[in-house]
Amino acid sequence: MILTQISLFDVKYMMAQPFHVERIHGCQGHLVLSEDGSVLNSGGDLVNDEATAEKLTKLAYLVSKVQISADKRETFKKVSVVWDNFMYVITVSNHKIYIIKRQFTPHEPVTA
């Protein structure tokens, strides 16, 4: 599992169009969750996937506790969890957790 980045354009688009996230290039599924992790909206491979919602909500809460600067109010902006051929992109905005499952095509092999 690797953490990587998604383009700022995709994140801004995802937040501006919270119920049209499936339009993001390579999107295979999406979840829009409340702060407590309940599914507000879903689609594609992640339709009603409460098990994935629960796991990725826990990850979002865990990552939000990591201090990334001297300013304790600053937390993560986005997290990507990358697998062999897909990735989950997680971001939080307006008290909602947005999760996108999208296609991942590595440019070069990843070595540990």
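First things first, this report covers the structure right here in the doc. Please read all numbers here as calculations on a predicted model, not as lab measurements. (Residues numbered from 1 in each chain as written. Predicted model: local features only at pLDDT ≥ 70, side-chain atom pairs only at ≥ 80, totals over all residues. Heavy atoms only, no water.)

When you line up the elements, S42 lands in strand β3 (residues 39–44). On the accessibility criterion, S42 (18% relative accessible area) is buried. At a separation of 2.9 Å, a polar atom in the side chain of S42 contacts the main-chain amide nitrogen of N48. Once residues lying within four places of it in the same chain are set aside, the contact partners of S42 are H30, L31, V47 and N48. (Helix = DSSP H or I, 4+ residues; strand = E, 2+ residues; numbered from the N terminus. Buried < 20%, exposed > 50% of the residue type's maximum accessible area, 1.4 Å probe, protein only. Polar contact = N/O pair within 3.5 Å; in protein donor to acceptor, adjacent residues only side chain to side chain. Contact = heavy atoms within 4.5 Å.)

Take the environment of D45 next. By secondary structure assignment, the location of D45 is in the loop between β3 and α2 (50–64). In this structure D45 comes out as partly exposed when scored by relative accessible area, which is 47%. For the pair D45 and C27, spaced 18 residues apart in sequence, the C-alpha separation works out to 9.3 Å. The residues touching D45, leaving out its near neighbours within four places in the chain, are Q28, G29 and K101. A distance of 3.2 Å separates the side chain of D45 from the side chain of K101, its partner in a polar contact.

Here we take up the nonpolar core. Within the largest apolar cluster, 15 residues are counted, with the highest numbers of intra-cluster contacts made by L31, L33, Y88, I90 and I99. With four residues, the top contributor of residues to this core is α2. Setting aside residues no more than four positions away along its own chain, I99 makes contact with G29, H30, L31, L33, L46, L56, Y88, V89 and I90. By size, the runner-up hydrophobic cluster in this structure holds six residues, among which are I24, C27, V82 and M87. (Core = buried A, V, L, I, M, F, W, Y, C linked by side-chain atoms within 4.5 Å.)

A positive phi angle, close to 50 degrees, is found at N94, a residue other than glycine. Counting through the fold element by element, N94 comes out in the loop between β5 (86–93) and β6 (96–103). Unusually for a residue other than glycine, H95 sits at a positive phi of about 60 degrees. Position of H95 relative to the elements: it lies in the loop between β5 and β6. Residue H95 is classed as exposed on the basis of its relative accessible area, which comes to 57%.

Geometry only, nothing functional implied.
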